[in-house]
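Fold and contact review
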Amino acid sequence: MSPRPLPRHQVAVVGGGQAGLSVSHFLQQQQLDHVVLEKHRALHVWDEQRWDNFCLVTPNWQCALPGHPYRGAEPHGFMTKPQILDYLRGFKEAVAAPLREGVAVLRARPLPDGGFHLSTSEGELLADQLVVASGGYHQPIVPRLAERLPAHIMQLHSAQYRNPAQLPAGKVLVVGAGQSGAQIAEDLHLAGREVVLAVGDAPRCARFYRGRDVVDWLADMGYYDMPVEQHPLREGVRDNTNHYVTGRDGGRDIDLRRFALEGMELYGPLRALEGDTLRFEPSLTEALDQADRTYNGINASIDRYIAERGLDAPPGQVYAPVWAPAQERETLSLADSGITAVIWCIGFTPDFNWLDAPIFNGRGHPVHRRGLTQVPGLYVVGLPWLHTWGSGRFSGVARDARFIVEHLAARATAAAQPAGEALQPA
């Protein structure tokens, strides 16, 4: 008896987040047979890896998933976590993707004659084309020195943090002041917790400037439509840390200097643990100054835009520091400080070990041009700066998904065309 043939789809999509569902939306428009494989629940990250007071840092009008724009009453507000989950549930229902949840892709590889073979937790399947929509934030980064912290100190990654009540009484060390670290530090600070914050080189920006949200100004200035090839840093921008700002309570700046005035302890980046002593880089002053230079630089670009067009707007101003460290503090005793918890907010690394294809650079990141890889029929989507700033966000993933689906649809049409048909006379 010959073996039963493996199920085959025109397209397999790996990942059921907003990127994978966006791809499915456009695949359905093209009437292409496909399956979306998600090893957890669709969109689970937004529920399981965000703290209770999490909210968007971009205004609601930028929520523009395909066929599902924001339709609420506060386009210039910032959705809270429950509102985000409601929005995403509506998107999932609207797409109605051919979704298989709880199915992990264990290995995917291109076949010699074209197409792909996928081994999953529920069996084997074939696909003519493959879209990797699993994102790039897979493995939480926790430094090896964490292994040597005293056992009584609770340790969490930012993806595990929910609220101050889950932490023991005492001082909290937050390591990393990017977007998540700064907001978690603020969450703890507003709850009355004592916070020690290890500050890195993350930039910051204003929430509102000259009468409008900075995001509104930057959108008018075309920043969010700038392709990565035109950015001054080119592909290097993909490694940049996000600017810290918040949409909490209607939106405001995050000013670490003001937190310091209110009692938060600021240090430079954590570099070592020697016995009981934490050691920090003596670079806090430069980190704060550089963040302020970025803040003022963005505002200055808005000033120029307003002046060049003769727009009517309230006057601008330059941020002046409200606090500066008297000296760089390089050491801190764990016992003397009273630290009882550490929250690691230093990001994630990608994990594409399941994808057996020659598309990766030396750091394990896929090499692509606007989501198209060097392997025919293999695409990536949902990564930061895949094409523009919005590629990894609700604002830009639709454009990327449409582009990729149009490309693979054209490829599918060409593959289905009988050989020599293009040579037939009209």
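Close contact between helix 1 (residues 18-29) and helix 3 (residues 81-95) brings their axes to 10 Å; oriented N to C, the two are set at 30°. When the axis of helix 1 is compared with that of helix 3, the two are roughly parallel. Once helix 1 is placed against helix 3, the crossing between them reads as left-handed. Contacts between helix 1 and helix 3 involve Gln18, Leu21, Ser22, Ser24, His25 and Gln28 from the former and Phe91, Lys92 and Val95 from the latter. Along the lines of polarity and charge, the residues of the contact of helix 1 with helix 3 split into three nonpolar, five polar and one charged.

Counting residues in each nonpolar core, the largest one holds 88 residues, and the members touching the most others are Leu118, Leu130, Leu188, Leu197, Leu256, Leu266 and Phe394. Looking at which element gives the most residues to this core, the answer is helix 9 (residues 397-416), with seven residues. For Phe394, the contacting residues outside a window of four places in its chain are Gln18, Trp46, Leu56, Gln62, Cys63, Ala64, Leu65, Ile84, Tyr87 and Leu88.

Here the focus is the sheet that holds strand 16 (residues 270-274). Taken together, three strands build an open sheet; the order of strands is 16-17-18 and the sheet is antiparallel. Since the sheet does not close on itself, it has two edges, and those belong to strand 16 and strand 18 (331-333), each with one partner. With strand direction ignored, the average angle separating the axes of adjacent strands in the sheet is 25°. Examined bridge by bridge, strand 17 (residues 277-280) and strand 18 share three bridges and lie antiparallel to one another.

This part is about the sheet that holds strand 19 (residues 339-344). Adjacent strands of a sheet form backbone hydrogen bonds with each other and so pair up, either parallel or antiparallel. One open sheet holds the five strands; their spatial order is 10-19-11-12-15, and the pairing between them is parallel. In this open sheet, the two edge strands, each paired with only one partner strand, are strand 10 (154-157) and strand 15 (265-267). Ignoring strand direction, the axes of neighbouring strands in this sheet form an average angle of 20°. Here strand 10 runs beside strand 19; their pairing, made up of four bridges, is parallel.

Here Leu43, not a glycine, exhibits a phi torsion of approximately 65°, which is positive. Here Leu43 shows up in the loop between strand 2 (34-38) and helix 2 (44-48). Phi angles above zero are rare outside glycine, and Trp385 is one such case at about 55°. In this structure, Trp385 sits in the loop between strand 21 (378-380) and helix 9.

Given a rise of 1.5 Å per residue, 20 residues ought to cover 28 Å, and the 28 Å separating the end C-alpha atoms of helix 9 matches this to within 8%. Here helix 9 has its buried residues at Val397, Ala398, Asp400, Ala401, Ile404, Val405, Leu408, Ala409 and Ala412. When helix 9 is viewed along its axis, its buried side chains cluster within an angular range of 160° and face the same direction. Looking at the buried residues of helix 9, the elements they touch are strand 1 (8-14), helix 1, strand 3 (64-65), strand 8 (123-132) and strand 21.

A few words on the side chain of Arg193. By the element assignment, Arg193 lies in the loop between helix 4 (179-190) and strand 12 (195-198). For the buried residue Arg193, which engages in no salt bridge, the nearest side chain bearing the opposite charge is Glu194, 7.5 Å off. Only 3.1 Å separates the side chain of Arg193 from the backbone oxygen of Pro164, close enough to count as a polar contact.

Here is what the cut-offs are and how they apply
Residues numbered from 1 in each chain as written. Predicted model: local features only at pLDDT ≥ 70, side-chain atom pairs only at ≥ 80, totals over all residues. Heavy atoms only, no water. Axes fitted to C-alpha atoms, helices over the stretch in contact; angles between N-to-C directions. Helix = DSSP H or I, 4+ residues; strand = E, 2+ residues; numbered from the N terminus. Parallel < 35°, antiparallel > 145°, perpendicular 65-115°, else oblique. Left-handed = near helix turned anticlockwise from the far one by under 90°. Contact = heavy atoms within 4.5 Å. Nonpolar A, V, L, I, M, F, W, Y, C, P; charged D, E, K, R; others polar. Core = buried A, V, L, I, M, F, W, Y, C linked by side-chain atoms within 4.5 Å. Buried < 20%, exposed > 50% of the residue type's maximum accessible area, 1.4 Å probe, protein only. Pairing = 2+ DSSP bridges. Expected span 1.5 Å × (residues − 1). Arc of directions from axis to C-beta. Lys, Arg positive; Asp, Glu negative; His and termini not counted. Salt bridge = Lys/Arg side-chain N within 4 Å of Asp/Glu carboxyl O. Polar contact = N/O pair within 3.5 Å; in protein donor to acceptor, adjacent residues only side chain to side chain.

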